[in-house]
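# Breakdown of the fold
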Amino acid sequence: MGKQINVTRSSMPPFEEYVEEIRSLWDSRWLTNMGEKHNQLEQKLQEVLGGKRVSLFTNGHMALELVLQAMGLEGEVITTPFTFVSTTHAIVRAGLTPVFCDVKESDGTLDPDKLEALITPRTCAIVPVHVYGNLCDDEAISAIAKKHGLKVIYDAAHAFGASRNGVAAGALGDAAMFSFHATKVFHTIEGGGICCADPAVHRTLDRLRDFGILDAEHVSMPAPNAKMNEFCAAMGLCNLRRMDEVIAARKEAAVRYMERLEGVPGVHILLQKDEALIPNYAYLPVTFDPETFGEGRNDVMSRLAAEHIGSRKYFYPLMSDLTCYREQYDSAATPVAKKLASQVLTLPLFEELGAEGADRICDIVLRH
Ligand SMILES: *Cc1c(COP(=O)(O)O)cnc(C)c1O
């Protein structure tokens with residue numbers, strides 16, 4: 001019996017490096033409110049994420065909710081039901097109405113061919129998701145958005161470090177949200193960021209993350225507190241130095257999974273195999289077709305659990321099937337997303353897994 005393997009495991013810098021990074025906070029006693037570490041991290045991330053200005057937040061969810069508000073949107077937002085609950089909640093909590101568009105079977109990203117039919121006079125924006133680090137077809141999505149005067153705000157929570165043809169995920173769309181949650185490829189323990197070229201949006205975001213405060217005597221709007229603190233920013237500065245190393249280590253395990261699982265009848269790794277894409281190996285999503293594989297993903301999940309290996313039905317259920325949304329939507333309207341949600345299983349992938357770890361998991365997956 002092998003030891004427990006969880007589906008993910010946070011990357012960490014050496015302990016001494018983090019302690020060194022936070023040492024100055026004992027002198028400055030400036031622990032939050034746009035401190036030195038926060039501002040350094042904003043600068044550094046701007047370079048890494050594609051060049052647009054970055055605003056930091058307490059988490060990715062608040063970043064997305066607030067950027068939708070900062071853009072002054074009203075009405076319907078076309079988005080994907082095949083995502084984490086945060087995407088849909090952010091749209092609803094920003095006072096907007098989600099309209100679900102189907103996804104592509106090959107990679108789970110929004111299908112631009114299904115987009116235009118969903119546009120109504122009330123549509124104001126599109127919120128696609130670079131799911132698992134698979135980059136959306138931005139060319140097609142942006143062309144449709146331009147034609148109809150819509151904003152494109154990417155949920156790029158999974159896309160840190162991914163780029164296509166040299167264009168980083170943060171450079172796509174009118175704005176892009178990144179999550180720096182502990183389980184993401186790059187993290188600040190909890191944290192998030194918005195990449196956006198429009199200085200007016202950043203000015204509004206600066207206020208929206210800080211109670212709407214303009215200055216000591218002026219408050220412009222009722223806004224929440226969504227600031228990133230110095231300890232989280234310091235973790236980000238340390239983790240950023242290790243990004244190449246972390247992604248290279250994840251790649252080793254991911255490549256072994258691909259060697260072992262690719263070509264097995266009924267098994268499909270839901271990651272783009274595009275020459276122009278530099279992937280970030282954020283997740284290892286696999287679909288199992290019960291007809292051809294002879295077993296469904298629930299069975300694979302149970303067999304892994306019996307051997308102390310964690311896996312996740314990421315993403316199941318679809319947003320349109322969640323208790324809080326299912327009365328308003330019919331998930332049968334997005335059949336491809338429905339099928340993926342019923343077949344997908346995300347296998348363990350993290351920095352220390354290694355090719356041997358991936359082999360152990362593949363041995364179990366394929367022994368049925
Ligand atoms: C993680 C995640 C978020 C939310 O990020 P937090 O930093 O955890 O708030 C949003 N969308 C997707 C697709 C995510 O995976």
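Since we're looking at a predicted model, the values are computed, not measured.

Taken domain by domain, the protein chain consists of domain 1 (15–102 + 110–240) and domain 2 (243–366). On a C-alpha basis, the centroid separation for the pair domain 1 and domain 2 is 25 Å. When the area that domain 1 buries against domain 2 is broken down by residue, the three leading residues are Phe 82, Tyr 132 and Val 185, summing to 27%. Run the count over domain 1 and domain 2 and you get 1 salt bridge. Across the pair Arg 164 and Asp 274 runs a salt bridge whose closest N-O atoms are separated by 3.0 Å. Linking domain 1 with domain 2 are 18 residue pairs in polar contact (both at pLDDT 80 or more). Going through the elements one at a time, helix H5 (85–93), strand E3 (97–100), strand E6 (163–164) and helix H8 (230–241) are the ones with two or more residues in the side of domain 1 that touches domain 2. At 4 residues, H5 tops the list of elements feeding residues into the side of domain 1 that touches domain 2. Of the residues contributing to the side of domain 1 that touches domain 2, the split by class is 17 nonpolar, 11 polar and 4 charged.

Note on placement: Arg 242 falls in the loop between H8 and helix H9 (243–261). The class of Arg 242 is buried, set by a relative accessible area of 11%. Taking C-alpha positions, Arg 242 is 37 Å from Pro 265, a pair spaced 23 residues apart along the chain. Not counting chain neighbours up to four residues away, the residues in contact with Arg 242 comprise Ser 11, Met 12, Pro 13, Pro 14 and Glu 351. Here the side chain of Arg 242 touches Met 12 through a polar contact of 3.2 Å, landing on its backbone oxygen.

Among the residues of H5, those classed as buried are Ser 86, Thr 87, Thr 88, Ala 90 and Ile 91. Phi turns positive one or two residues past the end of H5, at Gly 95, with a value near 80 degrees.

For the rest of this paragraph, the subject is empty space enclosed by the protein. Counting across every chain of the model gives 2 cavities of 30 Å³ or more. Size it by volume and the largest cavity reaches roughly 40 Å³. Surrounding the largest cavity, Ala 157, His 158, Phe 160, Thr 183, Lys 184, Val 185, Arg 250, Ala 282 and Tyr 283 form its lining. Counted by class, the lining of the largest cavity contains 5 nonpolar, 2 polar and 2 charged residues. Two domains each donate at least three residues to the lining of the largest cavity, and these are domain 1 (15–102 + 110–240) and domain 2 (243–366). Each pocket or cavity is described by its volume, and for the second largest cavity that value is around 30 Å³. Forming the walls of the second largest cavity are Ser 11, Val 185, Phe 186, His 187, Asn 239, Arg 242, Met 243 and Val 246. The residue makeup of the lining of the second largest cavity, split by class, is 4 nonpolar, 3 polar and 1 charged.

This paragraph deals with the packing of aromatic side chains. For the structure on display, the rule yields 13 aromatic pairs. Centre to centre, the rings of Phe 100 and Tyr 329 are 4.7 Å apart; their planes meet at 65 degrees, and the pair counts as edge-to-face. Of this pair, Phe 100 sits in strand E3 while Tyr 329 sits in the loop between helix H11 (297–306) and helix H12 (335–343), and the two are 229 residues apart along the sequence. Accessibility expressed as a relative area gives 10% for Phe 100, which makes it buried. Since its relative accessible area comes to 19%, Tyr 329 is described here as buried. The rings of Phe 82, Tyr 132, Tyr 283, Tyr 314 and Phe 315 are connected pair by pair, giving a single aromatic cluster. Over the aromatic face of Phe 57 sits the side chain of Arg 209, whose NZ or CZ is 6.0 Å from the ring centroid. Note that Arg 297 overlies the ring of Tyr 316, its terminal NZ or CZ placed 4.8 Å from the centroid.

Scanning the entire structure with this criterion turns up 26 salt bridges. The shortest N-O distance in the salt bridge between Arg 367 and Glu 307 comes to 3.1 Å. Of the two residues, Arg 367 sits in the segment after helix H13 (354–366) while Glu 307 sits in the loop between H11 and H12, which places them 60 residues apart along the sequence. Taking the relative accessible area as the measure of exposure, Glu 307 reaches 31% and is therefore partly exposed. One salt-bridge network, in which partners are shared between bridges, spans Arg 256, Glu 259, Arg 260, Asp 359 and Asp 363.

Leu 45, Phe 82, Tyr 132 and Phe 178 are the most contacted members of the largest nonpolar core, which has 82 residues in total. Broken down by element, this core gets its largest block of residues, 6 residues, from H9. When residues of this core are assigned to domains, at least three map to each of domain 1 (15–102 + 110–240) and domain 2 (243–366). Beyond its immediate sequence surroundings of up to four residues, Phe 178 is in contact with Leu 49, Gly 60, Ala 156, Ala 157, Ala 159, Phe 160, Ala 169, Gly 170, Gly 192, Gly 193 and Cys 195.

Relative to the elements of secondary structure, Asp 111 occurs in the loop between E3 and strand E4 (123–127). A distance of 3.0 Å separates a polar atom in the side chain of Asp 111 from the backbone nitrogen of Asp 113. Excluding residues within four positions of it along the chain, Asp 111 makes contact with Cys 101, Asp 102, Val 103 and Lys 104.

About the criteria used
Residues numbered from 1 in each chain as written. Predicted model: local features only at pLDDT ≥ 70, side-chain atom pairs only at ≥ 80, totals over all residues. Heavy atoms only, no water. Domains from an automatic or database assignment. Buried area = accessible area lost by both parts, 1.4 Å probe. Salt bridge = Lys/Arg side-chain N within 4 Å of Asp/Glu carboxyl O. Polar contact = N/O pair within 3.5 Å; in protein donor to acceptor, adjacent residues only side chain to side chain. Helix = DSSP H or I, 4+ residues; strand = E, 2+ residues; numbered from the N terminus. Nonpolar A, V, L, I, M, F, W, Y, C, P; charged D, E, K, R; others polar. Buried < 20%, exposed > 50% of the residue type's maximum accessible area, 1.4 Å probe, protein only. Contact = heavy atoms within 4.5 Å. 1 Å grid on protein atoms, 1.4 Å probe; cavity = no way out; pocket = protein on both sides within 12 Å on 5 of 7 lines; lining within 4 Å. Points joined across faces, edges and corners; volume = space filled by probe spheres on them. Phe/Tyr/Trp six-rings, centres within 6.5 Å; stacked < 30°, edge-to-face > 60°. Lys NZ or Arg CZ within 6 Å of the ring centre and 35° of its normal. Core = buried A, V, L, I, M, F, W, Y, C linked by side-chain atoms within 4.5 Å.

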